[in-house]
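So you can see what is in the structure, the chains are spelled out below.
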Amino acid sequence: MEKNRLSNFRCFLFLLCAAALMACQKTGKEEDSETDGDKGIILGFSQIGAESAWRNCNSRSIQEAAAAAGIQLLFNNAEQKQENQIKAIRSFIAYQVDVIAFVPIVAGGWNNVLQEAKDAGIPVLVTDRKIDIEDENLYAGFIGTDSVQEGRDAAKFLLKKFEGRPASPDNPIRIIELSGTTGSSPAMGRAQGFREIIDQYPQFQIIYSESGDFLRSKGYELMRSVLSSLDEIDVIFSHNDGMTLGVLDAIKEKGINPGTDIVIVTIDAEQAAIDALKRGEVNCVVECNPKTGPEIMQLARKLARGDTIDRFIHVEEVVFSEGDDLSGLAPRGY
Ligand code: AHR
């Protein structure tokens, strides 16, 4: 009887040790597989092009962050063509990458290719620009800037700048708007946010609005043509610094003093725009942050593991205005 009890107890101890050992082994294995999974991630990235210093910084941020994270990056430059982006995404699907990320040049036209990615079981991260899509489940999430807020910030600066000017449509504050690529989410968002605010004040009137495609050369051309037909301009609201730099060239050629004769509000916060702000040639610079590479890599890791991510992640941005002390501002890097 005693002997039996002893052997039962020994048996129980053996089972307990074996169970503990198995539990330890399992935990160790799970940790290993997470690390192994991270090592082998392949990320297909479709970038829209190299239209601005902002865009080049965005590409650099993605490439450097992928290298630092040990993520294999298949990077494609679509040279401003949606069809090239669709081709690139299809090639990432054929290659069976772990995650696809892309900057949609325009908001519409992504249904089919994103359905193909979904059918192939590849998660898609939308970055920088947003998309318009019937089935929101065709992509995992978005990381980038809040362009509606950028437009609001630009308009709020004008409210302060023209504070005290009588609210009369007979004495309007005439605004020229140079917008970004037609159909792109930053062009639509910035226009929407700007109007949300200024439409409440009848003295603000947009007298001309045209797309300069986010290009310095088009900003210059448009401004030259505007100046040849309109001579009463109070404000230029430009959707990006590239176009603004072209605008400044055109204005100065005409002997007009930007920042004094015409109020200039711009978006991006490239170094050249900050320098113009310091010189008094620009009055307000709304930041659009291109350095999203590290966050994109973190999200790519999560998606490759099968985790879900937040639908919309907006990066932090600040507004630089005339009168701010910018002496301690670090070089922008773009
Ligand atoms: O999508 C972001 C916009 O695209 C930036 O404001 C602009 O400079 C870029 O080309």
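Calculation rules
Residues numbered from 1 in each chain as written. Predicted model: local features only at pLDDT ≥ 70, side-chain atom pairs only at ≥ 80, totals over all residues. Heavy atoms only, no water. Core = buried A, V, L, I, M, F, W, Y, C linked by side-chain atoms within 4.5 Å. Buried < 20%, exposed > 50% of the residue type's maximum accessible area, 1.4 Å probe, protein only. Helix = DSSP H or I, 4+ residues; strand = E, 2+ residues; numbered from the N terminus. Contact = heavy atoms within 4.5 Å. Expected span 1.5 Å × (residues − 1). Pairing = 2+ DSSP bridges. Axes fitted to C-alpha atoms, helices over the stretch in contact; angles between N-to-C directions.

### Brief notes about the nonpolar core
Inside soluble globular proteins, nonpolar side chains tend to come together where they are buried.
Here is step 1 of the chain: One finds L158, M223 and I236 to be the most contacted residues of the largest nonpolar core, which totals 49 residues.
Here is step 2 of the chain: Broken down by element, this core gets its largest block of residues, six residues, from helix α8 (residues 241-253).
Here is step 3 of the chain: Leave out the neighbours within four places in its chain, and L158 touches I175, F194, F204, V235, V263 and V265.
Here is step 4 of the chain: Counting 22 residues, the second-largest nonpolar core is a separate cluster that includes I71, V99, V103 and I105.

### Structural notes on helix α6 (residues 185-198)
Here is step 1 of the chain: Its 14 residues give α6 an end-to-end C-alpha distance of 20 Å, which sits within 8% of 20 Å, the value for a rise of 1.5 Å per residue.
Here is step 2 of the chain: The element α6 is extensively covered by neighbouring structure, given that ten of its 14 residues are classed as buried.
Here is step 3 of the chain: Those residues of α6 lying buried are S185, P186, A187, G189, R190, A191, G193, F194, I197 and I198.

### What about the sheet that holds strand β5 (residues 141-144)?
Here is step 1 of the chain: If you walk across this open sheet you meet the six strands as β2-β1-β3-β4-β5-β11, and the pairing is parallel. Two strands bound the open sheet, and with one partner strand each, they are β2 (72-77) and β11 (312-314). With strand direction ignored, the average angle separating the axes of adjacent strands in the sheet is 20°.
Here is step 2 of the chain: Bridge count for strand β1 (residues 42-47) against β2 is six bridges, and the pairing is parallel. Among the inter-strand pairings, G44 is bridged to a residue of β2, identified as L74.
Here is step 3 of the chain: Packed onto the sheet, helix α2 (residues 53-69) meets β1, β2 and β4 (124-128) and runs at close to 160° relative to β2.
Here is step 4 of the chain: On the sheet, helix α10 (residues 293-304) packs against β1, β3 (99-102), β4, β5 and β11 and is oriented at approximately 165° with respect to β4.

### Regarding unusual backbone geometry
Here is step 1 of the chain: Positive phi values are uncommon outside glycine, yet Q80 reaches one of about 65°.
Here is step 2 of the chain: Note that Q80 resides in the loop between β2 and α3 (82-95).
Here is step 3 of the chain: In this structure, Q96 is a non-glycine residue whose phi angle is positive, near 60°.
Here is step 4 of the chain: Inspection of the secondary structure assignment puts Q96 in the loop between α3 and β3.
Here is step 5 of the chain: Owing to a relative accessible area of 64%, Q96 belongs among the exposed residues under this scheme.

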